[in-house]
Amino acid sequence: MAQRYEMIGSYAQTELAHGSNVAGLQTEARYDPATDEIVLHTPHPDATKWWIGQLGKCANHTVVFAQLLMPVSGSNKYRSVGPHPFLVQIRRFEDHTVLPGITVGDIGPKLGFAALDNGFIAFNQHRIPRSNMLSRYAKIDPATKEYLPPSNPKLLYGSMLAVRVGIVTSSTITLQAASTVAVRYSAIRRQFPDPAAPSKHGAKEKQVLDYQSQQYRVLPQIAAAYATYFTGRWMNDMFVRLNADFAKGDFDLLPAMHATSSGLKSLITTLAAEGIEMSRLACGGHGYSLYSGLPMLYTSFVHVSTAEGENWLLDQQTVRQLLKLLGAANSANRDKAAQAFHPLDPASYLL
């Protein structure tokens, strides 16, 4: 059905009150063993899914990230086993009307990217089959009604890694486009006569690109476009290797991939956003015109500084992993020094 474009999908993770803190998502997915169903519920307005692309008007399905609540044996209480993804139909195939127990709509105007109908969704005790839980890494056993966790809890966040890798490569393409516009403008636009040229009537003015001040603006964007392009290719290769390792049950590369994708997503989207704006400024007044393509390029792109992890927070994810590695290295060095230390050997004090 998806290949015939009958299923139009979206990805519902971010909520009004929670974005980067995925573990804190508040939409509930309560398992009912009596009916073998998942009951989706939005406990309060803050838990409403928000900013969901294609959801406002187009999508008839979505993948919802919600806290899976499992019943506690011998009581009427539930325990959370963390956020998990669920496939949910939200609109009927026949007439595109919304299914019962679901409230969905468009979030309204944005700074840019108007072609994407970002939407919201909330649930009121909406039931879906247990089989709609995406169960590659974690699942509920239909026979025992027990929750079977993934071999590595971080596997549930693997989909975000894929999106971040995609953002890195797409950011490079955007920066390439902006720098190309700025260079072409600078090569064609002429401004002020060249003092070194013969001062005769009709002498051409200098190309704007010949001014050092213009080169200072434009050339770093070209360099950044090349650098981010090759970085994106390297990151893609790393992600392919990660998936190959997953297939073999090897998850050793996951922490490094998380730290790398977090840092590069933050760095490259920041470079691209600043590069687009610098390219626009390098085009003078013409850069402010929509005909240059730069204003729309900027407003359609700049949202990725926040999407799929806010950049300031993602930097801290990378730093945290580096501090762990530093701590492990220091600990290893201390152990090595302790083994080599001898109170009667002055040289051992230098370890």
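Above this text is the structure in question.
This report concerns the structure included in the present document. (Residues numbered from 1 in each chain as written. Predicted model: local features only at pLDDT ≥ 70, side-chain atom pairs only at ≥ 80, totals over all residues. Heavy atoms only, no water.)

Quick word on helix α3 (residues 254-282)
Okay, step 1: Look at α3: 41 Å from first C-alpha to last across 29 residues, which is about the 42 Å you get at 1.5 Å a residue.
Okay, step 2: Among the residues trailing α3, G284 stands out with phi positive, at a value near 60°. (Helix = DSSP H or I, 4+ residues; strand = E, 2+ residues; numbered from the N terminus. Expected span 1.5 Å × (residues − 1).)

Structural notes on the packing of helix α2 (residues 212-247) against α3
Okay, step 1: Their axes nearest at 9 Å, the elements α2 and α3 cross at an angle of 155°. Put simply, α2 runs roughly antiparallel to α3. Two packed elements cross with a definite hand, and for α2 against α3 that hand is left-handed.
Okay, step 2: Of the residues belonging to the contact of α2 with α3, the class tally is 16 nonpolar, eight polar and one charged. (Axes fitted to C-alpha atoms, helices over the stretch in contact; angles between N-to-C directions. Parallel < 35°, antiparallel > 145°, perpendicular 65-115°, else oblique. Left-handed = near helix turned anticlockwise from the far one by under 90°. Nonpolar A, V, L, I, M, F, W, Y, C, P; charged D, E, K, R; others polar.)

Considering the pattern of salt bridges
Side-chain pairs of opposite charge can arise where the charged atoms are in close proximity.
Okay, step 1: This model, assessed by the stated rule, comprises 11 salt bridges.
Okay, step 2: With its nearest N and O atoms 3.0 Å apart, the salt bridge here joins E15 to K49. Residue E15 is located in the loop between β1 (11-12) and β2 (28-32), and its partner K49 is located in strand β4 (residues 49-52); the two are separated by 34 residues in the primary sequence.
Okay, step 3: Its relative accessible area of 0% is what places K49 among the buried residues.
Okay, step 4: When salt bridges that share partners are traced, they join D32, E37 and R127 into one network. (Salt bridge = Lys/Arg side-chain N within 4 Å of Asp/Glu carboxyl O. Buried < 20%, exposed > 50% of the residue type's maximum accessible area, 1.4 Å probe, protein only.)

With respect to the packing of aromatic side chains
Okay, step 1: On inspection of all chains with the given rule, the structure shows five aromatic pairs.
Okay, step 2: Aromatic side chains Y11 and F65 sit 5.9 Å apart centroid to centroid with 75° between the ring planes, which places their arrangement in the edge-to-face category. Note that Y11 is positioned in strand β1 and F65 in strand β5 (residues 61-71), a separation of 54 residues in sequence.
Okay, step 3: Taking the centre distance of 6.4 Å and the plane angle of 80° together, the rings of Y137 and F246 count as edge-to-face. Residue Y137 is located in the loop between β9 (126-129) and β10 (139-140), and its partner F246 is located in helix α2; the two are separated by 109 residues in the primary sequence.
Okay, step 4: Put simply, the rings of Y137, F246 and F251 touch in pairs and so form one group of aromatic residues.
Okay, step 5: Cation over ring: R30 sits above Y78, and NZ or CZ is 4.6 Å from the ring centre. (Phe/Tyr/Trp six-rings, centres within 6.5 Å; stacked < 30°, edge-to-face > 60°. Lys NZ or Arg CZ within 6 Å of the ring centre and 35° of its normal.)

Focus: the environment of M296
Okay, step 1: Within the secondary structure layout, M296 lies in helix α4 (residues 294-301).
Okay, step 2: Judged by relative accessible area, M296 falls into the exposed class, the value being 53%.
Okay, step 3: Separated by 184 residues in sequence, M296 and G112 place their C-alpha atoms 7.3 Å apart.

Let's talk about the layout of surface pockets
Okay, step 1: Here the largest pocket defines a volume of roughly 1,400 Å³.
Okay, step 2: Along the wall of the largest pocket there are 50 residues; nearest its centre are Q13, T14, A307, E308 and G309.
Okay, step 3: Within the residue set of the lining of the largest pocket, elements represented by two or more residues are β4, α1 (158-188), α3 and α5 (311-340).
Okay, step 4: Its residues assigned to classes, the lining of the largest pocket shows 23 nonpolar, 19 polar and eight charged. (1 Å grid on protein atoms, 1.4 Å probe; cavity = no way out; pocket = protein on both sides within 12 Å on 5 of 7 lines; lining within 4 Å. Points joined across faces, edges and corners; volume = space filled by probe spheres on them.)

Observations concerning α2
Okay, step 1: With 36 residues, α2 should reach 52 Å at 1.5 Å per residue; the first-to-last C-alpha distance of 53 Å fits that figure.
Okay, step 2: Of all the bends in α2, the greatest, near 25°, is centred on V218, and the proline P220 appears no more than four residues after it.
Okay, step 3: In the stretch just after α2, G249 is the one whose phi turns positive, near 80°. (Bend = angle between axes of the 7 residues up to and from the residue.)

Digging into the nonpolar core
Okay, step 1: Among the nonpolar cores identified, the biggest contains 26 residues, and I38, L40, L68, F86, V88, I102 and I121 are the most heavily contacted of them.
Okay, step 2: Contacts of I121, omitting those with residues within four sequence positions, involve A12, T48, K49, L55, T62, I90, I102, T103 and V104.
Okay, step 3: Counting residues in hydrophobic clusters, the runner-up holds 17 residues, among them I167, A182, A225 and L294. (Core = buried A, V, L, I, M, F, W, Y, C linked by side-chain atoms within 4.5 Å. Contact = heavy atoms within 4.5 Å.)

Some details on the side chain of N118
Okay, step 1: One can find N118 in the loop between β7 (102-106) and β8 (119-123).
Okay, step 2: Judged by its relative accessible area of 7%, N118 falls in the buried class.
Okay, step 3: Reaching out from N118, the side chain makes a polar contact with the backbone oxygen of W51 at a distance of 3.1 Å. (Polar contact = N/O pair within 3.5 Å; in protein donor to acceptor, adjacent residues only side chain to side chain.)

Brief notes about the sheet that holds β7
Okay, step 1: On the basis of which strands lie adjacent, the open sheet formed by three strands has the order β4-β8-β7 and antiparallel pairing. Both outer strands of the open sheet, β4 and β7, are each paired with one neighbouring strand and no more. Direction aside, the axes of adjacent strands within the sheet are offset by 20° on average.
Okay, step 2: For β4 and β8, the ladder comprises two bridges, and the chain directions are antiparallel. (Pairing = 2+ DSSP bridges.)

Description of the packing of α3 against α4
Okay, step 1: For the pair α3 and α4, interaxial distance at closest approach is 9 Å and the crossing angle is 160°. Taken together, the axis directions place α3 and α4 in an arrangement best described as roughly antiparallel. Where α3 crosses over α4, the two elements pack in a sense that is left-handed. Between α3 and α4, the contacting residues are T269, A272, A273, I276, E277, S279 and R280 on the first element and L294, L297, Y298 and F301 on the second.
Okay, step 2: Considering only residue class, the contact of α3 with α4 consists of seven nonpolar, two polar and two charged.

Concerning the environment of A34
Okay, step 1: Tracing the backbone shows A34 in the loop between β2 and β3 (37-41).
Okay, step 2: A relative accessible area of 74% means that A34 is categorised as exposed.
Okay, step 3: As for A34 and W234, which are separated by 200 residues in sequence, their C-alpha atoms are 49 Å apart.

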